[in-house]
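Listed here are the chains, written in short residue letters.
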Amino acid sequence: MKKRVFSGTRATGRLHLGNYLGAVKGYLELQNNPDYEAIYMVMDLHAITTPYDKAKLFENTRNVVMDYLACGLDPEKSIITAQSLVPEHTFLAHILSSEITVARMQHLPTFKEKVKQHPDHVTMALLNYPVLMASDILLYKASLVPVGIDQEPHLEVAREIARKINEKYGTDFPEPKRFATQGEYVPSLTGEGKMSKSVEGSYIGLTDSLDEIKKKLSGAPTDSGKGEAIPEKGGVANLFKLVELFEGSEKRKEYEEKYLGGGVRYGELKTELAEAIFKEIEPIQKQRKIYENDPSLVERVIKEGAEKAGIIAGKTIEEIKDKIGLIK
Ligand code: TYM
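Keep in mind the model is a prediction, meaning the values are calculated, not measured.

Reading the values: the criteria
- Residues numbered from 1 in each chain as written.
- Predicted model: local features only at pLDDT ≥ 70, side-chain atom pairs only at ≥ 80, totals over all residues.
- Heavy atoms only, no water.
- Helix = DSSP H or I, 4+ residues; strand = E, 2+ residues; numbered from the N terminus.
- Buried < 20%, exposed > 50% of the residue type's maximum accessible area, 1.4 Å probe, protein only.
- Near = heavy atom within 4 Å.
- Polar contact = N/O pair within 3.5 Å; in protein donor to acceptor, adjacent residues only side chain to side chain.
- Areas by Shrake-Rupley, 256 points an atom, 1.4 Å probe, with all protein chains shown as cover.
- Domains from an automatic or database assignment.
- Buried area = accessible area lost by both parts, 1.4 Å probe.
- Salt bridge = Lys/Arg side-chain N within 4 Å of Asp/Glu carboxyl O.
- Core = buried A, V, L, I, M, F, W, Y, C linked by side-chain atoms within 4.5 Å.
- Contact = heavy atoms within 4.5 Å.
- Axes fitted to C-alpha atoms, helices over the stretch in contact; angles between N-to-C directions.
- Parallel < 35°, antiparallel > 145°, perpendicular 65-115°, else oblique.
- Nonpolar A, V, L, I, M, F, W, Y, C, P; charged D, E, K, R; others polar.

## Some words on the environment of Ala220
Then step 1. Within the secondary structure, Ala220 sits in the loop between helix 10 (210-218) and helix 11 (235-247).
Then step 2. Here Ala220 falls in the buried class, since its relative accessible area comes to 6%.
Then step 3. Note: C-alpha distance between Ala220 and Tyr266 (46 residues apart in sequence) is 9.9 Å.

## Topic: the site of the ligand
Then step 1. Close to the ligand lie 27 residues; Tyr129, Asp136, Gly148, Asp150 and Gln151 are nearest.
Then step 2. A distance of 3.2 Å separates a nitrogen atom of the ligand from a polar atom in the backbone of Gly18.
Then step 3. Between the ligand and the protein, one listed contact pairs a nitrogen atom with a side-chain N or O atom of Gln151 at 2.8 Å.
Then step 4. Notes on the ligand: free accessible area 710 Å², of which the protein chains cover 97%.
Then step 5. Sorting the residues of the shell around the ligand by element identifies strand 1 (3-10), helix 1 (17-31) and helix 8 (129-138) as the ones contributing at least two each.
Then step 6. For the shell around the ligand, the leading source of residues is strand 1, giving five residues.

## Remarks on the domain arrangement of the chain
Then step 1. Entries for the chain in the domain assignment read domain 1 (3-184 + 295-324) and domain 2 (210-289).
Then step 2. For domain 1 versus domain 2, the distance between C-alpha centres works out to 32 Å.
Then step 3. Together domain 1 and domain 2 conceal approximately 950 Å² of surface at their shared face, both sides included; 62% is due to carbon and sulfur atoms.
Then step 4. Scanning the region where domain 1 abuts domain 2 turns up two salt bridges.

## Things to note about the nonpolar core
Then step 1. In this structure, Tyr68, Leu217, Phe246, Leu269, Leu273 and Ile277 are the most contacted members of the largest nonpolar core, which totals 60 residues.
Then step 2. Secondary-structure elements contributing two or more residues to this core are helix 1, strand 2 (36-43), helix 3 (54-71), helix 10, helix 11, helix 12 (249-260), helix 13 (266-292) and helix 14 (295-324).
Then step 3. A domain-level breakdown of this core finds at least three residues from each of domain 1 (3-184 + 295-324) and domain 2 (210-289).
Then step 4. In this structure, Phe246 is in contact with Leu17, Leu21, Leu273, Ala276, Ile277 and Glu280, ignoring residues within four places of it in sequence.

## As for unusual backbone geometry
Then step 1. Phi at Lys141 is positive, roughly 50°, even though this residue is not glycine.
Then step 2. By the element assignment, Lys141 lies in the loop between helix 8 and strand 4 (144-146).

## Section: the packing of helix 12 against helix 13
Then step 1. One way to put it is that helix 12 packs onto helix 13 with a least axis distance of 12 Å and a crossing angle of 170°. One finds that helix 12 runs roughly antiparallel with respect to helix 13. Where helix 12 approaches helix 13, its residues Lys251, Tyr255 and Tyr259 are matched on the opposing element by Tyr266, Glu268, Leu269 and Glu272.
Then step 2. Looking at side-chain class alone, the contact of helix 12 with helix 13 contains four nonpolar, no polar and three charged residues.

This is the structure:
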C-alpha cells in the first residue's frame, strides 16, 4: 500500500506567498512522488473557528481550490476537495478529543495567539482546532504532512494522539511527520513575524499584480541601508529573506556585502524583488483564468475528490468504531 500525504489550507481567502512556498510547493513535490497517495483539502470547518463572513465562505472555499489547481495540483494525481464534504472528519475528531486534555490545548502557542486576536470569540471549536486537524491527518493514516513550520505544534498534538490511541486500542495510525520546503517560514512585510492573511499589510497574494506587489513592498520598513552587522530580525532581515527565496542566496549575499560596505539602495532592491516575485506567480495567474472561466470543472473536481476521500475515511471510521467498542 502507498504511503499517504495529507494537507490543507483554511478557507480564509486566496493564497499568499507564505501558503505557496511553505505548503503548496510541498504539496506539488509529493503529488509527483509515485511512492505517495496525496490528499489536499480546503479546510472550511477550520475556517469557522474564528469569526468569518458567512456570505463569503463558500466563495473562499472555491477560491482556494482554484488556487490549488492554478499552482499545478492535478485531480488525476491527487485527491482535491473540501473538508466539510467528508463528515467523517468531525466524527473522528470527537473520538480523538477524549485522548487529550483541555490544559494541553490551552497551552498551545497557536491557541494563545488566536485568543489575543479574538478575545471575544474564544470558543470550544477554537480550543478543539488541533484535534480536528489531527483527525484530518489520522483519518487517512497519512504519514507525511507538507505544512509551514508554524504548524509544527499541531503536528506534535497529532503524533501524541496517534501514539495514545495506538497504545490504548491497538490501532495502526502512523505518527505524522512534517514535510518541509525551503520556504517553510516566509516572513511578514511588516517586519514582524510571519506573512499572514490575518495581518493587513503583511502579505502578497498569489493573484496580486506587479503594481500591487510593488506598492506592498514599498511599505516594508527599512533602515539607512548600511550597518556593522546584518540585521537578524525586523524589516531588513525580512526583505533579505524574501530576496533569498525569490532571487537566490547569491543575490542575498550581494546585498549583505553592500549592507556592510557602501550601502543598499532599497528602492532598487524592492523593484527587483517585486519583479522576481511576479515572474514566479504570473504563470499561476494565467493558469487560474482557465478555472475561473470553467466553474463546472472546479465543482467536478471538488465532488469527485469528496467521493474518493469518503471511501478511505469510511474505512478508517469502521475500523475505529470496532476498536473502541461503538455499536455498528
Ligand atoms: P493555514 O490556512 O493557516 O495555512 C496553510 C498553509 O500555509 C502555511 N503557511 C506558511 N508557510 C510558510 N510561511 C508562512 N508565512 C506561512 N503562512 C502560512 C501553513 O503552515 C500551512 O501549511 N492548520 C492549518 C490548516 C489545516 C491542516 C490540517 C494542515 C487544517 N487541518 C491538516 C495540514 C493537515 C492552517 O492553519 O493552515
